[in-house]
Amino acid sequence: MKTLAILAVVFAALGVLPLFVVSDVWLNSLIAVLYAALLGQAWNILGGYGGQFSFGHAAFFGTGAYTVAVLQVQYGINPWIGLVAGAAAAGLVAAFVGALSFRYGLRGSYFALVTLAFAEVLRILSNSVPFTGAGVGILIPLDPGAENLQFAHKSGYFWMIWAMALAAFLAAWWLGHSRFGARLMALRDNEDAARALGVSALRIKLGGIVMSGVFSGLAGVFYAQHYLYLDPGLAYGPAISVESLLVPIVGGMGTLFGPLLGAAALHVLSEVTRDIFGDAPGISLAIYGALLIFIVMFLPHGLAGLGRISARRLIRARPA
Amino acid sequence: MILSVSGVSKSFGGLQAVRDASLDVEQGRIVSLIGPNGAGKTTLFALITGFHKPDAGRVVFNGEDVTGQAPERIARLGMVRTFQIVQPFAGQTVRDNIAVGAHLHRPARRDALRKAEEVARQVGLADRLDQDAASLTVAGRKRLEVAKALATDPKLILLDEVMAGLNPSEVRDVIPIIQAIRENGVTIVLIEHVMQAVMSLSEHTWVLNQGETIADGPPAELARDPVVIEAYLGHGMATRLAEEAPVA
Ligand SMILES: Nc1ncnc2c1ncn2[C@@H]1O[C@H](COP(=O)(O)OP(=O)(O)O)[C@@H](O)[C@H]1O
Ligand SMILES: [Mg+2]
């Protein structure tokens, strides 16, 4: 209950910020952080809580994005319906990937490779079939209005991503306070022991990947509606998969607030590097890579772990 | 019979780990399985609880054929095992560890946590509930193994060397815990090397040697059985022992 209260306070604070922040630059930053936090929390549900490291979350993200875009552009279906359809389609792709991998007991790097391969297959497919616009991409016509899930003012997009991120964070909170979450974490920490206690590995992991896929798909829907343009590289490219895993690894895997910390830290980092290096291509990827190595070597529990360590030090340092 | 194992075999590559093993366990009893290291005891537990599929033979639990079924399904039917090499959910608290078991028949988090506390009290881990499972001593970890399994409300529990590595006073502390589990109506099958425990706890013992059940009976009788002594101490040992110090 305590973590739920903190979560409520954090999101309430984030929610009132736009009342004070009028500059679009700041609002854009908030949107970027919440968007990354959503992507990261989606990955965290499967990777952090479930211990299944995916390298291909773009498969779910891109499916959400393309679903809402294609339904609008090709079939004239309202993006609010597209949002639901996008999340559902992403969940379906996740279920398929999960059924294929978990059924055959794929774990660790094998699972990571399968997810990576899946995202690549979808990228190539979306590059070749006509209804996605193939390599040219797909452009959603500009038509601002809440009924079209498009907003003339940035604050509309802020509320959209705020609500989506809140849903993802509530889901992650629920994992820490439910049987399903307890089982997911038990499988992560010791699969044999969990099965001995009646935990169905296949069913729970499938639940985990579907949940994860749905939120990744939501992030894709947001991306499509925000930028109104998609192409195979943007939707299914490895950049999304990397960002998805980098955010929670930096912030703290398997923790509720890790993805938010990671998203904020990475945003600051990318702004700083852009100030220093400009938009030189490849620089951000190189820095991400270095950061990942640093975190894995020195901060295995991410920034959230850093907080825990210093809190413990403070307690220990206090005179008895 | 709550558990009936008949003619179960399993080989790993060329190695026959369990060969035509059979045993019948009556409801409400404490029975045990003994045998030298590598005899196939742990493998037999794994065959009974679905962690390995037997090459031949049948496992019937509570009237239902469970041969080759998944461990999680067998656990749901009420038969759980512990692991000789303890398998805690490291990084989680003792409370959360036990709650995983408690959740088997308790969907609500609150109920599972309450059950975890109750079981912790039963096995003497009540003051460790908020400790990381990985930080427990050997004796603590063995108790946690029992607690996780017990929290599932099993009908039958298979305990694999839960007293190995404990000092004599720790063994003395664990024995009444196991007796209390049985008094609550749970049938128990023990694998144990600690003969003190086998003698004081179990009413019937099966001896496994090179994968085969070579003898069974009350433990005190088996300790005098030449076949059993040979299995433990080697060929010719029974007759030599008998010559040197005939059993009264
Ligand atoms: N998964 C496995 N793969 C190969 N060999 C195994 C496996 N499990 C057990 N064995 C072998 O089977 C034999 C019986 O082992 P085990 O059942 O652990 O004996 P015990 O519990 O009686 O000491 C040993 O020779 C062991 O090396
Ligand atoms: Mg053994």
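Residues numbered from 1 in each chain as written. Chains lettered and ligands numbered in written order. Predicted model: local features only at pLDDT ≥ 70, side-chain atom pairs only at ≥ 80, totals over all residues. Heavy atoms only, no water.

Asks: Before we move on, can you summarise the overall build of chain B with the specific residues and values?
Replies: Regarding its fold elements, chain B presents 10 helices and 10 strands. In summary, chain B has a C-alpha radius of gyration of 18 Å against a globular reference of 18 Å for 248 residues, a match within 12%. Principal-axis analysis of the C-alpha atoms gives chain B an extent of 60 × 40 × 35 Å. Evaluated residue by residue, chain B yields a buried proportion of 52% over its 248 residues. Put simply, of all contacts in chain B between residues at least 6 apart along the chain, 61% involve residues at least 24 apart. Of the roughly 10,600 Å² that chain B leaves accessible, carbon and sulfur atoms contribute 50%. Placing the 26 positive and 30 negative side-chain charges of chain B at their respective mean positions leaves the two points 7 Å apart. (Helix = DSSP H or I, 4+ residues; strand = E, 2+ residues; numbered from the N terminus. Rg over C-alpha atoms; globule rule 2.2 N^0.38 Å. Buried < 20%, exposed > 50% of the residue type's maximum accessible area, 1.4 Å probe, protein only. Contact = heavy atoms within 4.5 Å. Areas by Shrake-Rupley, 256 points an atom, 1.4 Å probe, with all protein chains shown as cover. Lys, Arg positive; Asp, Glu negative; His and termini not counted. Charge placed at Lys NZ, Arg CZ, Asp CG, Glu CD.)

Asks: How would you sum up the interface of chain B and chain A? Please name residues and give values.
Replies: Facing the 24 residues of chain B at the interface are 21 residues of chain A. Summed over both sides, the interface between chain B and chain A buries roughly 1,700 Å², with carbon and sulfur atoms accounting for 59% of that surface. Three residues, B:E72, B:F89 and B:V100, lead the burial of chain B against chain A; their summed loss comes to 29% of the area buried on that side. Linking B:E72 and A:R195 is a salt bridge whose minimum nitrogen-to-oxygen distance equals 2.9 Å. Put simply, chain B and chain A have four residue pairs in polar contact (both at pLDDT 80 or more) between them. Of the residues belonging to the side of chain B that touches chain A, the class tally is 13 nonpolar, five polar and six charged. (Buried area = accessible area lost by both parts, 1.4 Å probe. Salt bridge = Lys/Arg side-chain N within 4 Å of Asp/Glu carboxyl O. Polar contact = N/O pair within 3.5 Å; in protein donor to acceptor, adjacent residues only side chain to side chain. Nonpolar A, V, L, I, M, F, W, Y, C, P; charged D, E, K, R; others polar.)

Asks: Give a detailed account of the coordination of the magnesium ion (ligand 2), specifying residues and quantitative values.
Replies: The textbook angles at a metal center are 109.5 degrees for a tetrahedron of four donors and 90 or 180 degrees for an octahedron of six. All names here are of chain B. Every protein donor of the magnesium ion (ligand 2) is listed here as T42 (OG1) and Q84 (OE1), and their distances to the metal cover 2.0 to 2.1 Å. Taken together, the residues T42 in helix α1 (residues 41–48) and Q84 in the loop between β6 (79–81) and α3 (94–102) connect sequence positions 42 residues apart. Relative accessible area serves as the criterion here: at 29%, Q84 is assigned to the partly exposed category. (Donors = N, O, S within 2.8 Å, 3.2 Å for Na, K, Ca; no water.)

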